Amino acid sequence: MMDGDNCLDEPPQMLPPPPGTFVDREELIQHAGDFAVTQGYVVTIKQSKKDKFVILGCDRGGVYRNRRKPADDSSGEQHNRKRKTASRLTNCPFEAIGKKDDGLWILTIKNGTHNHEPLKDISEHPSARRFNETEVLLIKEMTEAGLKPRQILKRLRQSNPELMSTPKHVYNVKAKIRQGNVTVKNFKSLRAQTSAMINNDHAVTEPSWRQRNPPRVPNLIGGRFVDSQSFSSIDVINPATQLVVSQVPFTTNEEFRAAVFAAKRAFPLWRSTSIASRRRIMFKFQELIRRDIDKLAMTITTEHGKPLKDAYDDVWRGLEVVEHTCGLASTQIGEFAPNVSKGIDSYSIREPLGVCAGICSSEFPAMIPLWMFTFAVTCGNTFVLKPSEKDPGASVILAELAMEAGLPNGVLNIVHGTNDILNSICDHEDIKAITFSGPEAAGAYIYTRASASRKRAQCNTGVKNHAVVMPDANMDATLNAVVAAGFGAAGQKCMALSMAIFVGGLSRWESKLVESAKTIKVNSGKEPNAELGPVISKQMRERICKSIQASVECGARLVLDGRDIVVPGYEQGNFIGPTILCDVRVDMDCCKDESFGPVLLCMQVECLEEAINIINRNQNCSGASIFTSSSLTARKFQAEVEVGQVGINVPVSDPLPVASFTGCRPSFVGDIGFEGKVGIHFYTQMKRVTQKWNDNVNVVESTEEGSFLTV
């Protein structure tokens, strides 16, 4: 009996939260709070020094606060008062400490014991007075309408009678609203479950960054989409309407380091994950992309401006890359050389590098991110992705789908920004490889800076693709191909055809070329008949128009001018119609620089050799096509032209993922290309193992994956 009484006197065994390292203060608090609910106690912030220190405690336990007056011995009366209703248990010995160290939050447990019974109903706790995010938005609306705190609370209780907030809490929220913060951190461990929604029709499911107007594009750090703490941002503009679609924050240095740390922390477990498991995630990922392809295409058209048909092609091309990664197991097989010397075997294996990074351009919002991170993570790396600040929406959707497919937290992370983020990616010592797609100047800079930090780098930069049209080419097929490749996606793609060289003269082609270009329907990308949408920004439109005018002033003949086109209903859009310049010369700037717009430059030469020499002398020419009916002519062109990709009776196009995207000259900087087998080589490193066994131990592989039995 005595032993039983002693057991009852012992404090209940409620476990403290596991210690750990976290990317931000909110993640640490959520971790501690969520675990506490499973144990029947509530974690509260007892003391907080913002940015560096936080103490988490439990406000239950011990004795009630002393709210009784002391006895008056002189009068002989005892002034005993009943405990006030608002009194609560205090002095629970539980205490956890969070400290910020080198940009990360470290949780340690100072005292994990409790001296009270577990809390049975979380809604009994005063922390249930916290407002959820939807209630905060309603408070903002009612505050702007002039309602007083008690009026606001009364209206909130009409929808949620169990709401236990007070006018003081409303004042606190209003103060945060005045400071520009319309969100209130809401953790399920600190919130009454009965107040999780205002009513049955308005569940709190949307994160705060989506509830903003316009929404703010989040970072993805350690498996969580989080709103950046940066006060600076860039507007994402719909190029057809000039309306603000969303805002892209300038990720802070601290947030960037947290993203890299999350990727580094996830790497050991991810690299140990079997290839079969990684492949299954990619299978699920491609299934989810197919499910949400309409959403992805609409997002691309809204932010980039390309017609929906081109947007779908963008997603489908990226989907082919994902499908290819489902079969990467066979391409990662090493080599085995038995008995290279007496009793000695030698073999090679491919291992992932670690944390890799990708920097995206705006031209293919879905395909380019999928080029990068799907190859990297399937090889066992973790990844930090920086989408284009002009059209980041597709990258965020793809990241959501990857998480839904089962990609573990921290394997894929997303940060946003411009020059500062580029420099941080190039300089961070934990990033082992960088993939870039974008302008030539930026590619050269990134390659130089990343190489100085001893990183692998591959940079696909601006190009100037050429097409040679021979006199014997099929006219209708050639015109269709040249017009589609020259003006598709408003010329805003690396494989656009910007220069056509007509061998033997241009006169028989010119009128029909102009006539064919005039049939292209220019409209907002969302219109069903649109074939050519706006260019991505006003700055890009101005640059293209200046280039056209400069070419005319240098002697080029403007046979089709698309600068003054107006699209009814979209008068503010960044539209440029199909534009054709003839009689251009190789010394003109338009022949040297990438126009990146719906502008086709036409030149005429006497012979094939002259056309090949023009292509070979152009420093930015990465791909070239020839249109001819002669196989001998095509073979000569294929052999003598010095480019990375050749098309014969077809425009230069992106290869299938099983092949490699190749470039040359300044259009590609790096030793190893994109996609295909060489893409696997870029994201892995070779390890050579030489072994010799001097005993008679036999090693037999078991039926269980990844294990061996010694007999």
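Scroll up to find the structure this text is about.
This is a predicted model, so every value here is computed, not measured.

Peer 1: Pulling in residues and values, what's your account of the overall build of the protein chain?
Peer 2: The number of helices and strands found in the protein chain is 21 helices and 27 strands. The buried share of the protein chain, taken over its 711 residues, is 50%. Contacts in the protein chain between residues at least 24 apart in sequence constitute 71% of all its contacts with a sequence separation of at least 6. Accessible surface computed for the protein chain: about 34,100 Å², of which carbon and sulfur atoms make up 50%.

Peer 1: Please provide a residue-by-residue account of the side chain of Ser362, values included.
Peer 2: Relative to the helices and strands, Ser362 resides in the loop between strand S12 (355-359) and helix H11 (367-378). Ser362 gets classed as buried once you look at its relative accessible area, which sits at 13%. Beyond its immediate sequence surroundings of up to four residues, Ser362 is in contact with His304, Ser388, Lys390, Asp391 and Ile536.

Peer 1: Mind laying out the packing of helix H13 (residues 419-427) against helix H14 (residues 440-452), listing which residues take part and the relevant values?
Peer 2: Here H13 crosses H14 at 35°, and the two axes come no closer than 8 Å. Every pair of crossing elements has a handedness; the one defined by H13 and H14 is right-handed. Taking contact as the criterion, the partners of Leu422, Asn423, Cys426 and Asp427 in H13 are, on H14, Tyr445, Ile446, Arg449 and Ala450. Among the residues forming the contact of H13 with H14, the class breakdown is 5 nonpolar, 1 polar and 2 charged.

Peer 1: Give me the lowdown on the packing of aromatic side chains, citing residues and values where you can.
Peer 2: A full pass over the atoms with the stated rule returns 4 aromatic pairs. Here Phe285 and Phe373 contribute two aromatic rings whose centre-to-centre distance is 6.1 Å and whose plane-to-plane angle is 40°, an arrangement assigned as tilted. Linking Phe285 in helix H8 (residues 275-291) with Phe373 in helix H11, this pair joins segments that are 88 residues apart in sequence. Phe373 carries the same exposure label as Phe285, and that label is buried. Relative to Tyr683, the ring of Phe682 has its centre 5.0 Å away and its plane inclined at 85°; by these criteria the two rings are edge-to-face. An identical accessibility class is assigned to Phe682 and Tyr683; each is buried. Above the ring of Trp270, the side-chain terminus of Arg278 is found at 5.9 Å from the ring centroid.

Peer 1: How would you explain the sheet that holds strand S25 (residues 684-692) if you had to name every residue and give the values?
Peer 2: Reading across from one edge, S10-S11-S25 is the order of the 3 strands in this open sheet, with antiparallel pairing throughout. For this open sheet the edge positions go to strand S10 (336-341) and S25, each flanked by a neighbour on one side alone. Averaged over all pairs of adjacent strands, the angle between their axes in this sheet comes to 30°, without regard to strand direction.

Peer 1: Which residues make up the packing of H8 against helix H10 (residues 308-325), and what values go with them?
Peer 2: Any two packed helices are characterised by how steeply their axes cross, that is the angle between the axes, and by the distance between the axes. Packing of H8 against H10 brings their axes to within 8 Å, and their N-to-C directions diverge by 160°. In terms of orientation, H8 lies roughly antiparallel with respect to H10. The handedness of the crossing between H8 and H10 comes out as left-handed. Here H8 contributes Met282, Phe285, Gln286, Ile289 and Arg290 to the contact with H10, which in turn contributes Val315, Trp316, Leu319, Val322, Glu323 and Thr325. Residues that form the contact of H8 with H10 fall into these classes: 7 nonpolar, 2 polar and 2 charged.

Peer 1: Would you mind going over the nonpolar core in detail, with residue names and values included?
Peer 2: If you look at the biggest cluster of nonpolar residues, it comprises 65 residues, and the most contacted ones within it are Val468, Leu513, Ile580, Val584, Ile615 and Phe637. Ranked by residue count, the leading element in this core is helix H15 (residues 475-487), at 7 residues. Beyond its immediate sequence surroundings of up to four residues, Leu513 is in contact with Leu479, Val482, Val483, Phe502, Ile580, Leu600 and Cys602. Residues Trp270, Cys326, Trp371 and Ala394 belong to the second largest nonpolar core, which totals 51 residues.

What counts and what doesn't
- Residues numbered from 1 in each chain as written.
- Predicted model: local features only at pLDDT ≥ 70, side-chain atom pairs only at ≥ 80, totals over all residues.
- Heavy atoms only, no water.
- Helix = DSSP H or I, 4+ residues; strand = E, 2+ residues; numbered from the N terminus.
- Buried < 20%, exposed > 50% of the residue type's maximum accessible area, 1.4 Å probe, protein only.
- Contact = heavy atoms within 4.5 Å.
- Areas by Shrake-Rupley, 256 points an atom, 1.4 Å probe, with all protein chains shown as cover.
- Axes fitted to C-alpha atoms, helices over the stretch in contact; angles between N-to-C directions.
- Left-handed = near helix turned anticlockwise from the far one by under 90°.
- Nonpolar A, V, L, I, M, F, W, Y, C, P; charged D, E, K, R; others polar.
- Phe/Tyr/Trp six-rings, centres within 6.5 Å; stacked < 30°, edge-to-face > 60°.
- Lys NZ or Arg CZ within 6 Å of the ring centre and 35° of its normal.
- Pairing = 2+ DSSP bridges.
- Parallel < 35°, antiparallel > 145°, perpendicular 65-115°, else oblique.
- Core = buried A, V, L, I, M, F, W, Y, C linked by side-chain atoms within 4.5 Å.

Any functional reading would require information that these geometric values do not contain.
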